[in-house]
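Close look at the chain arrangement
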Amino acid sequence: MKTLLKYLKPYYVRMLCGFLIKVTGTVSELFLPYILTHILHTVILSQNVFDIVFWGLLMILCAGIACICNIIANRMAASVSRDYAQKIRHDLFNKTLRLSARQTDSFTVASLESRITNDTYNIHHFVGMMQRMGVRAPIMLIGGITITMIMDSFLSLVMLVSMPLLFIAVYLVSKNGIPLYAKVQTAVDSMVRVVREDAQGIRVIKALSKDKYEHSRFNKVNNTLVKREKTAGIVMGSVHPIMNLFMNMGIVCVIALSASRVTNRLSNPETVIAFMQYFTQISMSMMVMSRMFTMASKCMASANRIEEVLICEDTLIEKSKSDFPDNEVENAIEFSNVSFSYQGQKNDLENISFTLKKGESLGIIGATGSGKSTLIKLLLRFYDVDKGNVYINGEDIRTINREKLYSLFGTVMQNDFIYNDTIMENIRFGREISDEDIYKASKIAQADSFINDFSDGYSRILSQKGTNVSGGQKQRILISRALAANPSILVLDDSSSALDYKTEAALRKALRENLSDTVFVNVAQRVSAVKDCDLILVLDEGRIIGKGTHEFLMLSCSEYKQINDSQSGGAFVE
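None of these values were measured; they are calculated from a predicted model.

**Things to note about the overall build of the chain**
When helices and strands are counted, the chain shows 21 helices and ten strands. Computed over the C-alpha atoms, the radius of gyration of the chain is 35 Å, more than 25% above the 25 Å expected from 2.2 N^0.38 for a compact globule of 574 residues. Projected onto its principal axes, the C-alpha coordinates of the chain cover approximately 115 × 60 × 50 Å. Out of the 574 residues in the chain, the part that is buried amounts to 47%. Here the analysis covers contacts within the chain between residues at least 6 apart in sequence; of these, 77% occur between residues at least 24 apart. With an accessible surface of roughly 29500 Å², the chain has 58% of that area assigned to carbon and sulfur atoms.

**Re the pairing of strand β3 (residues 361-366)**
Most of β3 sits out of view: six of its six residues are buried. Taking every second residue as pointing to the same face, both faces of β3 are buried, with Ser361, Gly363 and Ile365 on one and Leu362, Ile364 and Gly366 on the other. Strand direction decides the pairing type here: β3 and strand β8 (residues 519-523), joined by four bridges, are parallel. Looking at the pairing, Ser361 lines up with Phe520 of β8. Strand direction decides the pairing type here: β3 and strand β9 (residues 535-540), joined by five bridges, are parallel. Pairing of Leu362 across the sheet is with Leu535, part of β9.

**Re helix α10 (residues 239-263)**
For α10, which comprises 25 residues, the first-to-last C-alpha distance of 36 Å matches the rise-based estimate of 36 Å (1.5 Å per residue) to within 8%. Regarding α10, the residues found buried are Val239, Met243, Phe246, Met247, Gly250, Ile251, Val254, Ser258 and Arg261. In the segment just after α10, Arg265 is the residue with positive phi, at about 60°.

**Points about the packing of aromatic side chains**
For the structure shown, the criterion picks out twelve aromatic pairs. Pairing Tyr419 with Phe429 gives two aromatic rings, centres 5.9 Å apart and planes at 50°, and the pair type is tilted. Of this pair, Tyr419 sits in the loop between β6 (409-412) and α14 (423-428) while Phe429 is found in the loop between α14 and α15 (435-444), placing the two residues ten residues apart along the sequence. Assessed through its relative accessible area of 34%, Phe429 is described here as partly exposed.

**Concerning the sheet that holds strand β1 (residues 333-340)**
Strand order in this open sheet of four strands is β2-β1-β4-β5, and the pairing throughout is antiparallel. Single-partner strands in this sheet number two, and they are β2 (349-356) and β5 (395-396). Looking at chain direction, strand β4 (residues 387-392) and β5 are connected through two bridges and run antiparallel. When the bridges of β5 are listed, Tyr391 appears paired with Asp396. In this fold helix α12 (residues 372-379) packs onto β1, β2 and β4, with an angle of close to 115° to the strand it touches most, β1.

**Things to note about helix α17 (residues 471-483)**
With 13 residues, α17 should cover 18 Å at 1.5 Å per step; its first-to-last C-alpha distance of 19 Å lies within 8% of that length. The buried count for α17 comes to twelve of 13 residues, which makes it a mostly enclosed element. Those residues of α17 lying buried are Gly472, Gln473, Lys474, Gln475, Arg476, Ile477, Leu478, Ile479, Ser480, Arg481, Ala482 and Leu483.

Parameters at a glance
- Residues numbered from 1 in each chain as written.
- Predicted model: local features only at pLDDT ≥ 70, side-chain atom pairs only at ≥ 80, totals over all residues.
- Heavy atoms only, no water.
- Helix = DSSP H or I, 4+ residues; strand = E, 2+ residues; numbered from the N terminus.
- Rg over C-alpha atoms; globule rule 2.2 N^0.38 Å.
- Buried < 20%, exposed > 50% of the residue type's maximum accessible area, 1.4 Å probe, protein only.
- Contact = heavy atoms within 4.5 Å.
- Areas by Shrake-Rupley, 256 points an atom, 1.4 Å probe, with all protein chains shown as cover.
- Pairing = 2+ DSSP bridges.
- Expected span 1.5 Å × (residues − 1).
- Phe/Tyr/Trp six-rings, centres within 6.5 Å; stacked < 30°, edge-to-face > 60°.
- Axes fitted to C-alpha atoms, helices over the stretch in contact; angles between N-to-C directions.

Dropping the structure here:
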């Protein structure tokens, strides 16, 4: 919570101005019952028209001041809470983008989405409410009690007897609010995850007629959320009835005693009327404060979740060269005895070593789950290695500035994405890349021809995830994006699987002719995609079981030969 309070510092002046305006309006409102009592008790009896008009206009003036001040203060409160939440969302989103892959796995994507949306809304709502009602309610409460003490101290003491009971009830109920609402937010995370998965896989769900199954999955997490909200709602909702009970009991006692006091001429009807109005204001203030306790519980639970992300330390910081010195041999890429595990138990990659010089190409092939994509993630430093070293141009990647490191790469991942914009902007991807470089990249990626076949060419709007183009067209657009910035290292992670053999062959030829100085790393399932590479790695369960050229592996690695024969029809594989 301390982290989020720091975000309010730039708004202290605005909040102070809004506080002073709100105080002015609330004090003006407090005087209305007192003025009414004075009019009924003194002014009307004097039958002085001037005094009646004067005090009547004074009441109208106080009401007008209260109205105008409350409107202005509420608008200022809304602007502060809006800007405050915007700043938090901005920094939270920025932090989310900069989390390491391991940290993202720990939080989960669904939870991060929920924190950016639902949790920031809870913070925004509470900050606004605190400025609007958090100022007014205490002033009405304290001011009302003070004025009623002046008017009739005996009746006020009767009313004050119920106050400790109210505060004890609110405290006992509200202390359970934070853990209850934390559980609610966890349930929201689970529901967001299911909705996100179903939205991404809606076509597969329809194709396999799994609507009912997915609906049952959603019902399960939705019912869990409803149960937790119900529990939190019952517990926190009991505050209002309990407060109403005590306040109504207090009102009954006040009415009974005031009737006796008026009969015995210890008080007067005008005072009782004003007293009841103040008592109503005090009751409403207490109700508002109980609601604020409920909102505070939600806010605290959300604030803790947001703070977890904001204060999360960057695990992929730039390390010192004294700890990780440069390699004496400046190979473009070098893996030296690299081992890595996602869970810290069994190694997902073990003892991986190879070198690539400038302009050379690397092919990586192996069965599903053999560690191909994991190797790429280590090359891009999405994760840090557990053992060994990864060097680029002789520098350990842990010592290279992150922006400098990523500027070396052009990458197409397995689950890369297209967003709803033109083909031109999808390739440019917000970078300062000229149209000429985009056209050149598209020609190399074999995308220029089909793009120009569209009536609107590069201005064609792509739908989200590229659903209005074929799989092969989408992959070529993504390869164009990777090539557009003229990278030193081009990484294609199974990104030509949707291409026909003719187009794939043309792509490989264009890459060789136009990117002679670029290091090319190609992860593939097909031998045809890697057979021309200078070095091919065959992976199995995180280990290298074959390394060399296509011709060498055909003679020395039975697994590679088996893959090649099965794809070319040279052998029958059971």
